[in-house]
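# Remarks on the overall topology
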Amino acid sequence: MIPFFRRLESHDKFLIMGCGGGFDVFAGVPLAEYLMAAGKTVVFANVSFANLWLCGGERVTPVTWRVDRQSSELPYFPERWLAEWYVSRGQPSPIYAFAKSGVRPLSAALRWIVDHHGIEQIVLVDGGTDSLLFGDEFELGSVVEDAVSIVAAQEAARDRTLLAAIGFGVDDYHGVSHHSVLENVAQITADGRFLGAFSVTAGTQEARAYLDLVDFANRRQPEHASIVCNSIASALRGEFGNVHATRRTSGAELFINPLMTQYWTFELSGLVDRMVYAEALVQTDRLDEARRAIEQWREGAELRLRRPIPL
């Protein structure tokens, strides 16, 4: 058995958290479907890009709000759309949204959720693979929120944290070197903290749920169709190459491929121990402090060269 699934089997209450926010929480839905079908309890959380002070939900920590279908309509609010979708399926689930912050407020918010719901395991989920960057790569993509989420989860729950990243290749659109991603996975494997890789398979309950959610979100707010979610959905449908499911990618060269449907899974500590600025992030309160800590480390660092994957 893949070690990741052995970790899941030994627990009953899970927090699935988007690693970096936005639509990342959607990347956890196939895992949630698997866990719910096995009788497990799933709570969702995500760093939100919405103005949560206007969401109308209950504020439970300084940076955390409950979200449901009664929450206010906001222009970009994936957490609410996820809540609506689950209610439409008769599966209402607790969903929390975090305002952008540094590590200390976010780790405190995660501890509140863990205590309030009796969470036994946190699974961070990343749509894309920029969560697997150590910080010395040539390009980092949109790494700040990912790094804060990773360090905060580790601070909150230590060895009860896992990471699952899906959408290999998507982040090329944002300048990420997948040669570096594979090099990092090799190093984490050597450290003994890689927990295996597996695909979401077309035609399964998990794949159908994900495709239905992405279609729902596209209809719900067509102006904010997710590049990552639609790329993974295209791969699940068997599409290949320069396929554009949203006009947001028009003019770019995409490479939709079967690897985008694969989860890569890890002990979260394997990422934190390799993240070059993790210690500097621990004491941050605001997101701009975290961004500056990353920039300061990189200003004087010797960065890895960008290399192509040999074919």
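I will try to describe carefully the structure that is included in this document. (Residues numbered from 1 in each chain as written. Predicted model: local features only at pLDDT ≥ 70, side-chain atom pairs only at ≥ 80, totals over all residues. Heavy atoms only, no water.)

Once that is clear, we can look at the pattern of salt bridges. Scanning all chains against the criterion turns up 22 salt bridges. The partner of E145 in a salt bridge is K100, and the shortest N-O contact between them spans 3.7 Å. Of this pair, E145 sits in helix α5 (residues 144–157) while K100 sits in the loop between β5 (95–98) and α4 (103–117); the two residues are 45 residues apart in sequence, bridging distant segments of the chain. Of the charged contacts in the structure, one is a salt bridge between R193 and E267, with a shortest N-O distance of 4.0 Å. Placement of the pair is R193 in the loop between α6 (178–190) and β8 (194–199) and E267 in strand β9 (residues 262–267), with a sequence separation of 74 residues. In this structure E267 comes out as buried when scored by relative accessible area, which is 18%. Among the ionic contacts, a cluster of salt bridges with common partners joins R7, R193, E267 and D273. (Salt bridge = Lys/Arg side-chain N within 4 Å of Asp/Glu carboxyl O. Helix = DSSP H or I, 4+ residues; strand = E, 2+ residues; numbered from the N terminus. Buried < 20%, exposed > 50% of the residue type's maximum accessible area, 1.4 Å probe, protein only.)

Below, the discussion takes up helix α8 (residues 227–236). The buried fraction of α8 amounts to 10 of the 10 residues, a majority that puts the element mostly inside the structure. Taken residue by residue, α8 has I227, V228, C229, N230, S231, I232, A233, S234, A235 and L236 as its buried positions. If you follow the buried residues of α8, they end up packed against β6 (121–127), β7 (161–166) and α7 (205–220). Its side-chain oxygen at 3.4 Å from the backbone nitrogen of V228, S226 defines the N-terminal cap of α8. The first or second residue beyond α8 is G238, which carries a positive phi of 85°. (Contact = heavy atoms within 4.5 Å. Polar contact = N/O pair within 3.5 Å; in protein donor to acceptor, adjacent residues only side chain to side chain.)

Function cannot be read off these values alone, since they describe shape.
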